[in-house]
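# Summary of the model geometry
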Amino acid sequence: MEVKEAKPLTIGLILVGPYNDKGYSQAQYEGGKYVESHMDGAKLIYLDKVNPADRPGLTIPQVVDDLIEKGADLIIAGSDDMKDGILEAAAMHPDKTFVHVSGDAAWTGKAPANLGNLFAKMIYSKMMAGFTAAMTTQTGKIGVVGPLINEETRRLMSAAYLGARYAWTEVRGKDAKDLSFNVKWIGFWFNIPGVTADPTQVAGSLIDSGYDVLISGIDTPEAVTVAKQRVDAGKQVWALPYDYENACEGQGNICLGVPYFNWGPGFLRVAKAVTDGTYKPGFEWESPYWQNYNDADQSPVGFARGEGMSAETADALDAFVAKLGSGELELFTGPLNYQDGTPFLKDGEKGSDKQIWYMEQLLEGMEGLSSPQ
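- By the naming in an unreviewed UniProt entry, the protein goes by ABC transporter substrate-binding protein PnrA-like domain-containing protein and is assigned to Pseudodesulfovibrio indicus.

Structure representation (structure tokens):
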């Protein structure tokens, strides 16, 4: 009997921003290139800047049709904004495999049988960012340049706040009331002139208001760029960009570190399973590889330390990460209230994945909007 060789896999990747944005989209693009370099015959094709500003009128089903025409067997949609379109496209192509990076359709039962969700527990890297920010601030004022407001961003900003509050109160021994953690939203994942608030102006206004550490939640590096400009002008400020492991490169000691996604191992695992016929679409929310959360071949998220991190903060961060990894420290543990004072987690209650995923508001103690106005 003749054994048929497996057909080489072509991955069609849909990116919300530019493939070289030094942020979220570049991290996914490099995840696709990782698969190419680690799997015989794998080929990456992609379309970037798939958003209403760069490609007005273009729908996700149209993008998918084009990628399939070019040979794609596995379609990966990179952004939460694509959730409706990718469900529609998956239903139209039941013979292809679809993965939505972010989203929860496979969890809620809304996904067709050929679509799965894949995301990584960035909450832990965001806790590290918040911890580092609070260890560093001289004013007790941490500013966040946030993207749009949804469950994902409320979850991530709240995780950063919990990390900051822990460092401020438990390590530095200060009163939580003296910590200001202020989230300013721009309205999308990156700047769209005339549509979003300008992240450069938002970052600058936070610094002008006395915030000496900026945490970025957007896909592009304006926060650290503005911080560097202000330091060159004589201010003492620091910043933490987001998404992309090398976002601190060239920023010097202004950059404290970057919480980043590492999509390569997850994409590779899915690609191999699709090729050998064992992929079962479902909801996957992957935890860090705690033995070494910066392991490029195993950990779906990491935290790259920047030149600006002090030795004291580095040592404190090591201890913090060890407690997170062992489970000794679970920051999503009650009592925690939402911003309006309603209970989120009761005293001693540990947040479940679903409670954390579907956060309805920011946490009490945080400044900033919890929902779009």
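More follows now that the structure is in view.
## Structural notes on the overall build of the protein
- Counting secondary structure elements, the protein contains 11 helices and 14 strands.
- Projected onto the principal axes, the alpha-carbon positions of the protein cover approximately 70 × 45 × 40 Å.
- By residue count, 56% of the 373 residues in the protein fall in the buried class.
- Summarising the internal contacts of the protein: among those between residues at least 6 apart in sequence, 67% fall at separations of at least 24.

## Description of the UniProt feature "domain: ABC transporter substrate-binding protein PnrA-like" (unreviewed entry) in the protein
- Under the feature "domain: ABC transporter substrate-binding protein PnrA-like" (unreviewed entry), the UniProt entry names residues 10–254.
- Measuring from the first to the last C-alpha atom of residues 10–254 gives 40 Å, for a span that is 39% helix and 18% strand.

## Some thoughts on empty space enclosed by the protein
- Summed over all chains, the structure comprises one cavity of 30 Å³ or more.
- Of the volumes computed, that of the largest cavity is approximately 70 Å³.
- Lining the largest cavity, in full, are Tyr24, Ser79, Asp80, Ser102, Glu152, Trp189, Gly217, Asp219, Tyr242, Asp243 and Phe261.
- Residue composition of the lining of the largest cavity, by class: four nonpolar, three polar and four charged.

## Regarding the packing of helix H5 (residues 122–136) against helix H10 (residues 311–326)
- Two elements in contact, H5 and H10, have axes separated by 10 Å at closest approach and are oriented at 150°. Here H5 is positioned roughly antiparallel relative to H10, judged by the angle of their axes. The chirality of how H5 crosses H10 is right-handed. Of H10, the residues touching H5 (which contributes Tyr124, Met127, Met128, Phe131, Thr132, Met135 and Thr136) are Thr313, Ala316, Leu317, Phe320, Val321 and Leu324.

## Side note on the pattern of salt bridges
- Applying the stated rule across the entire model yields 10 salt bridges.
- Of the charged contacts in the structure, one is a salt bridge between Lys70 and Asp66, with a shortest N-O distance of 3.0 Å.
- The exposure class of Asp66 is partly exposed, given its relative accessible area of 33%.
- We note a salt bridge from Asp208 to Arg230, for which the minimum N-O separation is 2.7 Å. Pair noted here: Asp208 is in helix H7 (residues 199–208) and Arg230 is in helix H8 (residues 222–232), with a separation of 22 residues, a long-range link.
- In this structure, a network of salt bridges that share partners links the residues Arg269, Glu284 and Glu286.

## Digging into the sheet that holds strand E1 (residues 10–14)
- One open sheet accounts for six strands, arranged E2-E1-E3-E4-E5-E11; its pairing is parallel. One side of each edge strand has no neighbouring strand; the edge strands of this open sheet are strand E2 (43–47) and strand E11 (283–286). Each adjacent strand pair in this sheet contributes to an overall mean axis angle of 20°, direction not counted.
- Relative to E2, E1 is paired through five bridges, and the arrangement is parallel. Pairing of Thr10 across the sheet is with Lys43, part of E2.
- Of the strands in this sheet, E1, E2, strand E3 (74–77) and strand E4 (97–101) touch helix H2 (residues 60–69), which is tilted by about 155° from E1.
- Against the sheet, helix H3 (residues 83–92) contacts E1, E3, E4 and strand E5 (115–120), and its axis sits at roughly 170° relative to E4.

## Brief notes about unusual backbone geometry
- In this structure, Pro335 follows Gly334 across a cis peptide bond, with omega equal to 10°.
- Examined against the element boundaries, Pro335 turns out to sit in the loop between H10 and strand E13 (336–337).
- Positive phi, close to 60°, is recorded for Lys22, a residue that is not glycine.
- If you trace the backbone, Lys22 turns up in the loop between E1 and helix H1 (24–38).
- Positioned with a positive phi, Lys49 is a non-glycine residue whose angle comes to about 55°.
- Looking at the element boundaries, Lys49 is found in the loop between E2 and H2.

## Points about the packing of H1 against helix H9 (residues 264–276)
- Put simply, H1 and H9 touch, their axes get as near as 8 Å, and they point 50° apart. Overall, the two elements H1 and H9 adopt an arrangement that is oblique. The two elements H1 and H9 meet at a crossing, and its hand is right-handed. Residues Gln28, Gly31, Gly32, Tyr34, Val35 and His38 of H1 form the contact with H9, whose participating residues are Gly264, Pro265, Phe267, Leu268, Ala271 and Lys272.
- In terms of residue class, the contact of H1 with H9 is built from six nonpolar, five polar and one charged.

## A word on H1
- If you check H1, its first and last C-alpha atoms are 21 Å apart, about what 15 residues at 1.5 Å a residue would give, namely 21 Å.
- When we look at burial in H1, the residues that qualify are Tyr24, Ser25, Gln26, Ala27, Gln28, Tyr29, Gly31, Gly32, Tyr34 and Val35.
- On its buried side, H1 packs onto E1, E2, E4, E5, strand E10 (257–261) and H9.

Definitions and limits used
Residues numbered from 1 in each chain as written. Predicted model: local features only at pLDDT ≥ 70, side-chain atom pairs only at ≥ 80, totals over all residues. Heavy atoms only, no water. Helix = DSSP H or I, 4+ residues; strand = E, 2+ residues; numbered from the N terminus. Buried < 20%, exposed > 50% of the residue type's maximum accessible area, 1.4 Å probe, protein only. Contact = heavy atoms within 4.5 Å. UniProt positions renumbered as here; feature names shortened; annotations may be inferred. 1 Å grid on protein atoms, 1.4 Å probe; cavity = no way out; pocket = protein on both sides within 12 Å on 5 of 7 lines; lining within 4 Å. Points joined across faces, edges and corners; volume = space filled by probe spheres on them. Nonpolar A, V, L, I, M, F, W, Y, C, P; charged D, E, K, R; others polar. Axes fitted to C-alpha atoms, helices over the stretch in contact; angles between N-to-C directions. Parallel < 35°, antiparallel > 145°, perpendicular 65-115°, else oblique. Left-handed = near helix turned anticlockwise from the far one by under 90°. Salt bridge = Lys/Arg side-chain N within 4 Å of Asp/Glu carboxyl O. Pairing = 2+ DSSP bridges. Expected span 1.5 Å × (residues − 1).

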